[in-house]
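# Reading the structure
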There are 2 protein chains.
Amino acid sequence: MKSKITLKDIAKELDVSISTVSKALKNSKEISKDTKDKIKAFAKFYNYRPNNIALSLKNKRTKNIGVIIPDIVHHFFTTVFRGIEKYANEQGYNVIVCVSDESFEKEVVNMEMLANGSIDGFILSLSAETQLKNEFSHLKELLDQGIPIVLFDRVTSEIDCDKVILNDQEIAHEAVSHFINTGARKIALVTTEKFFNVSESRAKGYLQALRKNDIKVDEKLILTLPHDNDNATLIRNFFQNNKVDAVLCVNEIFGIQCLSIIQDLGYKVPNDISVIGFTDGILSRFSVPKLSTVAQHGEKMGEQAAQMLINRMESLGEEEPFKTEVINATLIKRGSTIN
Amino acid sequence: MKSKITLKDIAKELDVSISTVSKALKNSKEISKDTKDKIKAFAKFYNYRPNNIALSLKNKRTKNIGVIIPDIVHHFFTTVFRGIEKYANEQGYNVIVCVSDESFEKEVVNMEMLANGSIDGFILSLSAETQLKNEFSHLKELLDQGIPIVLFDRVTSEIDCDKVILNDQEIAHEAVSHFINTGARKIALVTTEKFFNVSESRAKGYLQALRKNDIKVDEKLILTLPHDNDNATLIRNFFQNNKVDAVLCVNEIFGIQCLSIIQDLGYKVPNDISVIGFTDGILSRFSVPKLSTVAQHGEKMGEQAAQMLINRMESLGEEEPFKTEVINATLIKRGSTIN
DNA sequence: TTGTAAGCGTTATCAT
DNA sequence: ATGATAACGCTTACAA
């Protein structure tokens with residue numbers, strides 16, 4: 001077992017000082033060619049690599065980014081993460097991930113854990129509980145300490161920092177307009193509790209599109225579901241009790257569930273009822289018919305967030321105003337809509 | 001902007017030495033109650049937290065685990081990751097993830113990047129390319145340097161280290177036996193190129209089960225597909241040209257594709273053809289009929305891997321022999337099989 | 001051209 | 001009961 005070699009080891013071995021070694025390896029012109037060559041050869045032979053921790057301590061920057069997401073087993077977050085990881089790695093940063101599991105407590109604990117020197121900045125999407133409680137002092141404190149934060153997707157206006165969001169309202173509007181343009185009038189919305197600000201925005205777009213087209217909003221056509229799954233009965237009842245031409249679902253699972261239950265009830269998709277979901281995940285691509293859906297371009301969102309964070313970290317001092325970047329979603333028309 | 005406070009700051013402020021502060025905060029009995037109280041109160045007020053980087057440098061351990069996975073947008077890896085993250089966090093470890101993207105090069109680069117002090121140990125699943133090249137010197141070197149590694153799922157016998165695997169062969173055997181017990185005789189296998197050792201093991205189980213039941217192996221019933229998707233045509237041809245009673249697929253996507261194409265060709269599932277896939281993901285649960293599948297218990301696998309790694313890191317010196325733990329997969333019988 | 005020393009934040013050993 | 005000092009591995013201003 002040959003342990004990692006340090007500058008000290010090299011110095012001792014070659015009978016020079018540590019700083020000479022350090023300088024030589026950085027190709028400093030202070031050092032004679034001879035010594036440099038000798039030191040470099042030795043270092044190469046023993047595969048010397050500077051210790052990241054020592055560098056971090058010295059430079060007061062870790063080149064690590066902390067990412068806090070509510071759930072990793074979730075296609076959207078997973079694609080965002082991939083975008084973050086990709087961009088960050090390209091820029092020489094590593095990514096430390098913590099999963100908040102939709103819990104406020106975990107979000108706070110994880111962030112504090114990482115904030116004590118482990119990372120240079122955060123990228124996060126708020127947990128459900130954090131949004132519900134509307135409690136953001138942990139973020140405020142970190143920002144106060146000078147740790148930059150980029151919020152994505154599930155953001156809040158209470159916090160002044162860089163953000164990346166989707167044009168949720170607009171795309172929901174577009175989806176509903178598409179329903180209307182293809183003849184639908186009784187348009188349903190299947191959504192989550194409203195403290196999720198993305199659902200709220202999507203609902204706004206839905207309502208806006210109806211109003212703009214002089215379609216009266218029917219509250220009964222808005223189905224609010226408690227969780228991500230096990231809502232089969234509620235959905236079934238909903239479609240049994242309401243005449244619907246089209247339905248917009250705020251996530252992929254709701255979309256797939258509606259698709260399957262609707263067909264099970266004997267309706268034809270898209271002829272009797274059209275369906276559009278959110279998140280262009282694997283479910284949408286392999287359903288029958290394929291689900292029309294809103295692509296959120298998570299990877300792009302992740303890259304954007306990472307870019308904003310790294311920019312801010314590296315331009316420290318210049319104090320640019322905070323920005324909110326909007327990623328434009330795309331409506332992907334597949335078999336579950338009339339196109 | 002109130003930056004993080006250090007021991008030095010406290011010492012200066014309270015006019016004591018740094019070591020007194022350090023000891024007081026550790027509740028050392030060397031320090032008088034008075035001073036301790038004063039220091040603790042001050043530290044609490046200013047929300048003092050020791051700097052992780054300094055601790056890492058001092059202790060020569062980072063409490064970070066490096067995780068290298070081939071692909072994050074993949075249900076199985078995602079569940080394993082969740083298991084790792086969960087266990088690691090409970091033990092006070094953070095998780096740094098890098099995605100190898102199935103590339104040998106990236107796997108190597110990422111590992112070297114992290115190995116220079118950023119992490120205390122690795123958990124990884126080999127990239128496709130690494131398996132194809134059969135090149136493991138990067139792992140050997142790290143092990144040589146005393147950095148512990150736990151391999152999971154995609155492992156290799158070339159490397160001597162802790163491993164966590166699935167009983168792939170056994171469960172494939174069980175799946176095929178289930179087909180046989182419910183009357184199938186012409187049993188197909190849809191698999192990937194054989195340098196994936198998991199596919200190889202699953203194929204072995206498939207063959208073994210056939211032989212054990214005196215069913216002649218028909219090479220034509222083994223379909224080898226190049227990638228994870230876009231194989232629709234190959235699959236369609238396969239089922240058009242071969243009379244099949246049942247099909248075992250080595251992953252979820254193949255399973256879902258078969259399910260949908262089979263039905264599209266006019267066969268009834270499971271009455272004409274039964275289907276079993278691998279990975280109990282979201283696709284299997286929302287397909288029509290629901291896909292019978294092999295649950296790989298990724299989360300458990302991740303926890304197991306994290307546990308083995310942390311054990312080894314914390315028992316340094318005791319040199320226990322390397323272990324290979326086997327996670328028992330479960331056959332989940334749903335609508336795509338006769339049960 | 002090379003070396004010394006201070007410093008990053010902490011802990012531990014050894015004075016006082 | 002408290003403090004000085006060295007050490008972890010590295011960089012860098014300053015001496016020599």
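Since the structure is predicted, the reported quantities are computational estimates derived from the model, not experimental observations.

## Quick notes on the domain arrangement of chain A
It is common to give the size of an interface as the accessible area that goes away when the parts come together. Annotation of chain A at the domain level lists domain 1 (7-49), domain 2 (62-165 + 298-327) and domain 3 (168-296). Between the C-alpha centres of domain 1 of chain A and domain 3 of chain A the distance comes to 66 Å.

## Brief notes about the interface of chain B and chain A
Contact with chain B, which involves 52 residues of that partner, is made by 52 residues of chain A. Taking both sides of the interface into account, the surface hidden between chain B and chain A amounts to around 4,500 Å²; carbon and sulfur atoms contribute 62%. Of all residues in chain B, Ile53(B), Asn116(B) and Phe286(B) bury the most surface against chain A, accounting for 15% of the area lost on that side. Counting across the interface, chain B meets chain A through 2 salt bridges. Among the salt bridges present, the one from Asp71(A) reaches Arg82(B), with a minimum N-O distance of 3.8 Å. Where chain B meets chain A, there are 14 residue pairs in polar contact (both at pLDDT 80 or more). Of all elements in the fold, only helix H4 (52-59), helix H5 (75-90), strand E2 (94-99), helix H6 (104-115), helix H8 (137-144), helix H12 (252-264) and helix H13 (282-286) of chain B reach the threshold of two or more residues within the side of chain B that touches chain A. Of all the elements, H5(B) adds the most residues to the side of chain B that touches chain A, at 7 residues. When its residues are assigned to classes, the side of chain B that touches chain A shows 23 nonpolar, 21 polar and 8 charged. Pairing between strand E2 (residues 94-99) of chain A and E2(B): 3 bridges, direction antiparallel.

## Quick notes on the sheet that holds strand E7 (residues 222-225) of chain B
Residues and elements named next belong to chain B. If you trace the 6 strands from one edge of the open sheet to the other, you get E7-E6-E8-E9-E10-E12, paired in mixed fashion. The open sheet has two edge strands with one neighbour each: E7 and strand E12 (330-332). Strand-to-strand twist across the sheet, computed as the mean angle between neighbouring axes with direction ignored, equals 20°. Here strand E10 (residues 292-295) runs beside E12; their pairing, made up of 3 bridges, is antiparallel. The residue bridging Thr293 from the neighbouring strand is Ile332, located in E12. Along the sheet, helix H11 (residues 232-241) makes contact with strand E6 (187-192), E7 and strand E8 (246-249), crossing E7 at roughly 170°.

## Brief notes about the relation of the copies chain B and chain A
For the pair chain B and chain A, the superposition axis carries a translation of 0.0 Å, the fit reaches an RMSD of 0.1 Å, and the rotation angle comes to 180°. Taken together, the rotation and translation describe the operation of a two-fold axis. The position closest to the rotation axis in chain B is occupied by the C-alpha of Ile96(B), lying 2.1 Å away. Residue by residue, 100% of the interface of chain B is reproduced at the interface of chain A, so both copies engage with the same surface.

About the criteria used
- Residues numbered from 1 in each chain as written.
- Chains lettered and ligands numbered in written order.
- Predicted model: local features only at pLDDT ≥ 70, side-chain atom pairs only at ≥ 80, totals over all residues.
- Heavy atoms only, no water.
- Domains from an automatic or database assignment.
- Contact = heavy atoms within 4.5 Å.
- Buried area = accessible area lost by both parts, 1.4 Å probe.
- Salt bridge = Lys/Arg side-chain N within 4 Å of Asp/Glu carboxyl O.
- Polar contact = N/O pair within 3.5 Å; in protein donor to acceptor, adjacent residues only side chain to side chain.
- Helix = DSSP H or I, 4+ residues; strand = E, 2+ residues; numbered from the N terminus.
- Nonpolar A, V, L, I, M, F, W, Y, C, P; charged D, E, K, R; others polar.
- Pairing = 2+ DSSP bridges.
- Axes fitted to C-alpha atoms, helices over the stretch in contact; angles between N-to-C directions.
- Least-squares fit on C-alpha atoms with pLDDT ≥ 70 in both.

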